[in-house]
Amino acid sequence: MSPFAHLLHDLRMRHGIRQRDLAEKMGYETSYFSALEVGIKGPPPAEFVERLIAALDLPEIEQEEVRRTAAASQRKLQIEYDTPQDVFWMLAELRERVSQLHPVQVLEEVGQHLIIP
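Below is a summary of the structure that appears in this document.

## Regarding the overall build of the chain
In step 1: When you go through the chain residue by residue, the secondary structure sums to seven helices and zero strands.
In step 2: Within the chain, the proportion of its 117 residues that are buried is 29%.
In step 3: Counting contacts in the chain only where the partners sit at least 6 residues apart, residues at least 24 apart contribute 54% of the total.
In step 4: Carbon and sulfur atoms form 56% of the exposed surface of the chain, whose accessible area is close to 8800 Å².

If you want it as structure tokens, here you go:
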């Protein structure tokens, strides 16, 4: 499940609001909202994110978390045309292995390569 799906559910629970009520408040179908929350749908468009922020009246720090989480939940990667071929090979290997990785392996890899600005 995507980070956004987890965050959306968590936000809704923390605010004590039902899916149906939040979806209605934001102007979306409950089925779409549900599909986002369980991870069937990919991350929502920026408009949804902004409506969510407004509907829950989130403070600035949570607004940034929602935006970052939506961006991190993208399922597709667009590579610039001038990217070195080594990057393509690295990504090809990752595509082959991603479904076999254990969560601990992912955490170890992220920890080794994560650069925090």
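## Looking at helix α3 (residues 30–38)
In step 1: Within α3, the full set of buried residues consists of F33, A35, L36 and E37.
In step 2: In this structure, the buried residues of α3 make contact with α1 (3–14), α2 (19–26) and α4 (46–56).
In step 3: Directly after α3, the chain includes G39, whose backbone phi takes a positive value near 90°.

## What to know about the packing of α2 against α4
In step 1: Packing of α2 against α4 leaves a shortest axis separation of 9 Å and a crossing angle of 110°. If you check the angle between α2 and α4, you find them roughly perpendicular. The residues of α4 that touch α2, namely those facing L22, K25 and M26, are F48, R51, L52, A55 and L56.
In step 2: Per-class residue counts for the contact of α2 with α4 are six nonpolar, no polar and two charged.

## As for the packing of α1 against α3
In step 1: The interhelical angle for the contact between α1 and α3, taken along N-to-C directions, is 115°, at an axis separation of 6 Å. Note on element contacts: α3 touches α1 through F33, L36, E37 and V38, opposite A5, L8, H9 and R12.
In step 2: Counted by class, the contact of α1 with α3 contains five nonpolar, one polar and two charged residues.

## Considerations on the side chain of Q19
In step 1: Relative to the assigned elements, Q19 resides in helix α2.
In step 2: Excluding residues within four positions of it along the chain, Q19 makes contact with R12, T30, F33, S34 and E37.

## Here's the deal with the side chain of R12
In step 1: Structurally, the position occupied by R12 is in helix α1.
In step 2: Excluding its chain neighbours within four sequence positions, the residues that come into contact with R12 are I17, R18, Q19, L22, F33 and E37.

## Examining the nonpolar core
In step 1: Membership of the largest hydrophobic core comes to 20 residues, with the highest contact counts inside it found for F4, L22, M26, F48, L52 and V66.
In step 2: The set of elements that each furnish at least two residues to this core consists of α1, α2, α3, α4 and α5 (60–72).
In step 3: For this core, the leading source of residues is α4, giving six residues.
In step 4: In contact with L22, other than residues within four places in its own chain, are R12, I17, F33, L52, A55 and L56.

## Thoughts on the packing of aromatic side chains
In step 1: As enumerated under the stated definition, the model contains five aromatic pairs in all.
In step 2: The interplanar angle of 80° and the centroid separation of 5.9 Å between the aromatic rings of Y32 and F48 together place this pair among those described as edge-to-face. With a gap of 16 residues between them, Y32 in helix α3 and F48 in helix α4 connect regions that are remote in the sequence.
In step 3: The exposure class of F48 is buried, given its relative accessible area of 0%.
In step 4: An aromatic cluster is present here, built from F4, Y28, Y32, F33 and F48 joined pairwise through their rings.

What counts, and at which threshold
- All residue numbers refer to positions counted from 1 along the written sequence of the respective chain.
- Two thresholds apply to this predicted model, a pLDDT of at least 70 for residue-level local features and 80 or more for giving and counting side-chain atom pairs, whereas whole-chain, interface and lining totals are computed over all residues.
- Excluding hydrogens and water, the side-chain figures rest on all heavy atoms present in the structure.
- Helix and strand assignments follow DSSP, with helices taken as H or I runs no shorter than four residues and strands as E runs no shorter than two, numbered in order from the N terminus.
- Only protein chains enter the accessibility calculation, which uses a 1.4 Å probe. A residue is then buried if its area is under 20% of the maximum for its type, exposed if over 50%, and partly exposed in between.
- The contact rule is simple, with two residues in contact once any of their heavy atoms fall within 4.5 Å.
- The method behind every accessible area is Shrake-Rupley, applied with a 1.4 Å probe, and residues are considered shielded solely by the protein chains displayed.
- Under this scheme, a helix contributes an axis fitted over its contacting stretch, all axes are lines through C-alpha atoms, and angles between N-to-C directions fall in the 0 to 180 degree range.
- Working rule for angles: under 35 degrees goes down as roughly parallel, over 145 as roughly antiparallel, 65 to 115 as roughly perpendicular, anything else as oblique.
- In the scheme used here, Gly and all other residues not listed as nonpolar or charged are polar, with Ala, Val, Leu, Ile, Met, Phe, Trp, Tyr, Cys and Pro taken as nonpolar and Asp, Glu, Lys and Arg as charged.
- In this text, buried Ala, Val, Leu, Ile, Met, Phe, Trp, Tyr and Cys residues form a nonpolar core when linked through side-chain atoms within 4.5 Å.
- Between the rings of Phe, Tyr and Trp (Trp by its six-membered ring), a pair exists once the centres lie within 6.5 Å; its type follows the angle of the planes, with under 30 degrees stacked, over 60 edge-to-face, and the other angles tilted.

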